[in-house]
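Below, each chain spelled out in residue letters.
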Amino acid sequence: MSTLTIPPSLTSPRDDAILLYRAFKGFGCDSAAVINVLAHRDQTQRVLIQQEYKAMYSEDLSKRLASELSGKLEIAVLLWMHDPAGRDALIVKQALNPDILDLQGATEVICSRTPSQIQHFKQIYYSKFGVYLENDIENYTSGDHKMLLLAYVSTQRYEGPEIDREMAVNDAKHLYKAGEKKLGTDEKTFIHIFSQRSRSNLVAVASAYRDIETSGYFEHGLLTILRCAENPPKYFAKVLYKAMKGFGTNDTTLIRVIVTRTEIDMQYIKAEYLKKYKKPLNDAVHSETSGHYRTFLLSLLGPNN
């Protein structure tokens, strides 16, 4: 069932393919027409549109979009055209590019996904790029951050709601001992517990983490795991706020979060954003973006709650 913020339109993939083809014809691309189609179609519809377009015009739709669009709009639309696992694989691969090395972005995607989501996008990662995700983590991250990510992507964790109370109590004790050391934190204990335990169990030990001293990307990974165990929409609302706070906007983060969460929990993210920052997310995005790029992101977000 689609969780697209705006209910998808009941049109045929063939009609949509024709509309897109017409948008590409003539001098320049009719970006508004492209947005009007693609921003209002769910994942299944987007797959069918791409298949229909290829059958009708013997051309790959994503390649045509790449040649017709530009800038931030191109980045956002092309990312939107992928399925979730392919999208995650692409984001992480780009983030682990040594020329860019967006370790915060890579960490966010990896540590906010469930074990089954990680397994799926790991398979896509290898089939698309011919390299194992673990190899890229090994090559482009370091220290405790590297150890956390490697443990997190290679562990099959329980995904259900049940809590092992005894384990949670023991974990809380171990985390407390690991964090109260005067000469630093016992990172191995944190890595073991945060990579092995289910989200429901981590919520049960969450209070033990509040005063632990860690730093850098390692801390970012631990906090992402913990916050997404507790309340993913609240976590992503904060990520979006920080991306737009102050002078300038982090468009890479803005695109990544809006495109990847639109069909998962965007309505809840919008509610958390309004609750915490007393301003609709749509209004914040509107004030920080412009042109067709703004139109596309706002179309994904849908109307204010």
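Residues numbered from 1 in each chain as written. Predicted model: local features only at pLDDT ≥ 70, side-chain atom pairs only at ≥ 80, totals over all residues. Heavy atoms only, no water.

### Digging into the domain arrangement of the protein
1) Next: Partitioning the protein into domains gives domain 1 (13-69), domain 2 (84-154), domain 3 (165-230) and domain 4 (232-301).
2) Next: Inter-centroid distance (C-alpha atoms) of domain 2 to domain 4 is 23 Å.
3) Next: Taken together, the contacts link nine residues of domain 2 with ten residues of domain 4.
4) Next: Interface of domain 2 and domain 4: buried area, both sides summed, is about 740 Å²; carbon and sulfur atoms make up 50% of it.
5) Next: Three residues, R87, E108 and R113, lead the burial of domain 2 against domain 4; their summed loss comes to 62% of the area buried on that side.
6) Next: The interface formed by domain 2 and domain 4 includes two salt bridges.
7) Next: Note that R256 and D102 form a salt bridge whose closest N and O atoms lie 3.6 Å from each other.
8) Next: Listing elements by their share of the side of domain 2 that touches domain 4, those giving two or more residues are α6 (84-95) and α7 (103-112).
9) Next: In terms of residue count, the dominant contributor to the side of domain 2 that touches domain 4 is α7 (four residues). (Domains from an automatic or database assignment. Contact = heavy atoms within 4.5 Å. Buried area = accessible area lost by both parts, 1.4 Å probe. Salt bridge = Lys/Arg side-chain N within 4 Å of Asp/Glu carboxyl O. Helix = DSSP H or I, 4+ residues; strand = E, 2+ residues; numbered from the N terminus.)

### Overview of the environment of T11
1) Next: Residue position: T11 is located in the segment before α1 (13-24).
2) Next: T11 gets classed as partly exposed once you look at its relative accessible area, which sits at 37%.
3) Next: A polar atom in the side chain of T11 sits 3.0 Å from the side chain of D16.
4) Next: At a separation of 3.3 Å, a polar atom in the side chain of T11 contacts the side chain of R41. (Buried < 20%, exposed > 50% of the residue type's maximum accessible area, 1.4 Å probe, protein only. Polar contact = N/O pair within 3.5 Å; in protein donor to acceptor, adjacent residues only side chain to side chain.)

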